[in-house]
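This is what each chain is made of:
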Amino acid sequence: MQQYSGFGLLKHSLSYHENWQRVWSNPTPKKHYDVVIIGGGGHGLATAYYLAKEHGITNIAVIEKGYLGGGNTARNTTIVRSNYLWDEASHLYEHSLKLWEGLAQELNYNLMFSQRGVLNLGHTLQDMRDIERRVNANRLNGIDGEVLTTAQVQEMVPILDCSTNARYPVMGASWQARAGTARHDAVAWGFARAADALGVDLLQQTEVTGIRRKDGAVEGVETNRGFISAGKVACVAAGNSSVIAKMVGMELPLESHPLQAMVSEPLKPILDTVVMSNHVHGYVSQSDKGDLVIGAGIDGYTGYGQRGSFNVVEHTIAAIIEMFPIFSRVRLNRAWGGIVDTCPDACPIISKTHIKGLYFNCGWGTGGFKATPGAGHVFAHTIAKDEPHPLAKPFSIDRFSSGELIDEHGAAGVAH
Amino acid sequence: MLLIHCPYCEEMREEEEFSPAGQAHIERPLQPEDISDEQWAHYLFFRKNPRGLHHEMWLHAAGCRKYFNATRNTATYEIMETYKMGQAPRVTANEEGQS
């Protein structure tokens, strides 16, 4: 793998940047792989990378029906944080955040990871009680967090309407300073490049049409490019997880919903942190390019169309203008939707299945991006050892029959 | 924005008047105490979530406040039909089990 550096940039400028190595190869499928990963988004690529790097399994294919990182990885609002309420979830997300902190160096790829902090606003007394409880829980779990007063929030974000005239006055906020944003595409590309360098085959434009089984164990996957034999099959298909599960006659506790997001025209720097509000139902940050990145809540109906209804966009914009009246004349550039696979308890499924050699990483719902390295890391362990990583154990699919649900609706519901 | 025909009001109305209520035709087990935890979990949480034809419940929240069923394509969002509770859908997928 060609190392990227400032010196390299200078050197290649002398040859008009025409001699850069291809970032990853475009191999033809082999007949057999030890592990086939269905889904070439951030989570799938991270899984492949950690399988190769930490478990020495390099005969891996990542099968992607479109192009790498073209699904939810390209459609999220790039927020990374770990201030979840329950122990199980906060440990998992904190594991991920810790990986984020060294990831750009490790992958030798600029992920534009920016720990600019995340504010979760409180607008009611109950909001503030919940915030205090969550911040205390975070601290007990070794995760940074502070409860801020309205004055502190106002000082941090002068353009936020903190007046008592607001329809939902800001009463305070939780603050996680180590949280922030990362460049979403770069994460997929960085993992893809690093996985490719370790010998992983990235098969794009390859769609899985079936999963072949024999005696309760997987044999391989049928694709539009022929049958590919596999020792283990790991499904990381996000919104399409239920479609894959149906191929083996399984149902999952998932519903796929459209989740919409939008960006404005680029502006000069005006917002240097991430502001979220569960109560008025919106969240916003400003990208390095200058556009305001705004996220909506999910559309209530299920859908695979990668688009949602306009009224959801309207509600979100109303919430953003309520918080930031100064944005009222900003024009939106683009709006889009992704398909998120939501679980009844707003927590993911990282699990073995009753079929030997078939694994699922799904159900991340609205908040999968922040977990990209952590999810890949624990899922790779689960696949390689055929037993759940200690952090992944509470997220087994068995929790729905045992009743050990992890209700993260409070911390994951709207904002992510 | 979807336009939805309420089978009780017998009118096409805008989506904002309605709220989706998930998969339709889920039957509560008659003897919950006789079934396994897995079967109970299946009833509570596991859903078909198909890409394609889907039978689902909607509530006409800002109208008659009644629940009804709809058959909708989850890939194109086209609504094939709406029908009253207790009625069977007229549009169904060919494949057994796919609804």
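A quick note: this is a predicted structure, and the numbers were derived from the prediction, not measured.

Criteria and cut-off values
- Residues numbered from 1 in each chain as written.
- Chains lettered and ligands numbered in written order.
- Predicted model: local features only at pLDDT ≥ 70, side-chain atom pairs only at ≥ 80, totals over all residues.
- Heavy atoms only, no water.
- Pairing = 2+ DSSP bridges.
- Helix = DSSP H or I, 4+ residues; strand = E, 2+ residues; numbered from the N terminus.
- Axes fitted to C-alpha atoms, helices over the stretch in contact; angles between N-to-C directions.
- Domains from an automatic or database assignment.
- Buried area = accessible area lost by both parts, 1.4 Å probe.
- Salt bridge = Lys/Arg side-chain N within 4 Å of Asp/Glu carboxyl O.
- Polar contact = N/O pair within 3.5 Å; in protein donor to acceptor, adjacent residues only side chain to side chain.
- Nonpolar A, V, L, I, M, F, W, Y, C, P; charged D, E, K, R; others polar.
- Phe/Tyr/Trp six-rings, centres within 6.5 Å; stacked < 30°, edge-to-face > 60°.
- Buried < 20%, exposed > 50% of the residue type's maximum accessible area, 1.4 Å probe, protein only.
- Lys NZ or Arg CZ within 6 Å of the ring centre and 35° of its normal.
- Expected span 1.5 Å × (residues − 1).
- Core = buried A, V, L, I, M, F, W, Y, C linked by side-chain atoms within 4.5 Å.
- Contact = heavy atoms within 4.5 Å.

Comments concerning the sheet that holds strand β14 (residues 282-286) of chain A
Residues and elements named next belong to chain A.
Next, step 1: Sheet architecture is open: eight strands sit in the order β5-β6-β4-β13-β14-β15-β12-β16, paired in mixed fashion. Among the strands making up the open sheet, the edge pair consists of β5 (146-148) and β16 (332-342). Geometrically, the sheet is characterised by an average inter-axis angle of 20° between neighbouring strands, direction not taken into account.
Next, step 2: Bridge count between strand β4 (residues 118-122) and strand β13 (residues 274-277): four bridges; the pairing is parallel. Following the sheet pairing, L121 is matched in β13 by S277.

Considerations on the domain arrangement of chain A
All names here are of chain A.
Next, step 1: Domain annotation of chain A identifies domain 1 (6-78 + 184-253 + 345-402) and domain 2 (113-180 + 255-342).
Next, step 2: Between domain 1 and domain 2, the buried area comes to about 1,300 Å², and carbon and sulfur atoms account for 49% of it.
Next, step 3: The largest per-residue losses of area from domain 1 upon contact with domain 2 belong to R75, T77 and G239, which jointly make up 43% of the total buried on that side.
Next, step 4: Between domain 1 and domain 2 we count zero salt bridges in total.
Next, step 5: Our enumeration of links across domain 1 and domain 2 arrives at seven residue pairs in polar contact (both at pLDDT 80 or more).
Next, step 6: The element that contributes the greatest number of residues to the side of domain 1 that touches domain 2 is helix α7 (residues 241-247), accounting for three residues.
Next, step 7: Per-class residue counts for the side of domain 1 that touches domain 2 are five nonpolar, 11 polar and one charged.

Some remarks on the packing of aromatic side chains
Describing an aromatic ring pair means giving the distance of the ring centres and the angle of the ring planes.
Residues and elements named next belong to chain A.
Next, step 1: Under the defined criterion, the tally for this structure stands at 16 aromatic pairs over all chains.
Next, step 2: With a centroid separation of 5.0 Å and an interplanar angle of 65°, the aromatic rings of Y49 and Y50 are classed as edge-to-face. Across the pair, exposure class does not vary: Y49 and Y50 are buried alike.
Next, step 3: Every member of this aromatic cluster is reached through a ring pair, and the members are Y4, W20 and Y109.
Next, step 4: Lying over the aromatic face of Y4, R193 brings its terminal NZ or CZ to 3.8 Å of the ring centre.
Next, step 5: Seen from the ring of F227, R212 lies directly overhead, with NZ or CZ sitting 3.7 Å from the centre.

Here we look at helix α9 (residues 372-385) of chain A
Residues and elements named next belong to chain A.
Next, step 1: Taking 1.5 Å of rise per residue, 14 residues should cover 20 Å, and α9 covers 20 Å from first to last C-alpha, within 8% of that figure.
Next, step 2: For α9, the tally of buried residues reaches 12 of 14 residues, placing the bulk of the element in the interior.
Next, step 3: Listing the buried residues of α9 in full gives T372, P373, G374, A375, G376, H377, V378, F379, A380, H381, T382 and I383.
Next, step 4: D386 occupies a position one or two residues after α9 and carries a positive phi of about 55°.

Remarks on the nonpolar core
Residue and element names in this part refer to chain A.
Next, step 1: I37, W100 and F191 are the most contacted members of the largest nonpolar core, which has 53 residues in total.
Next, step 2: Where this core is concerned, the elements lending two or more residues are β1 (32-38), α2 (42-55), β2 (60-63), α3 (87-107), α6 (184-197) and α9.
Next, step 3: The dominant element in this core, judged by the number of residues it contributes, is α3, at eight residues.
Next, step 4: Residue contacts for I37: discarding those within four places in its chain leaves G44, T47, A48, L51, I60, A61, V62, I63, A234 and V236.
Next, step 5: Counting residues in hydrophobic clusters, the runner-up holds 32 residues, among them V36, I38, A61 and I397.

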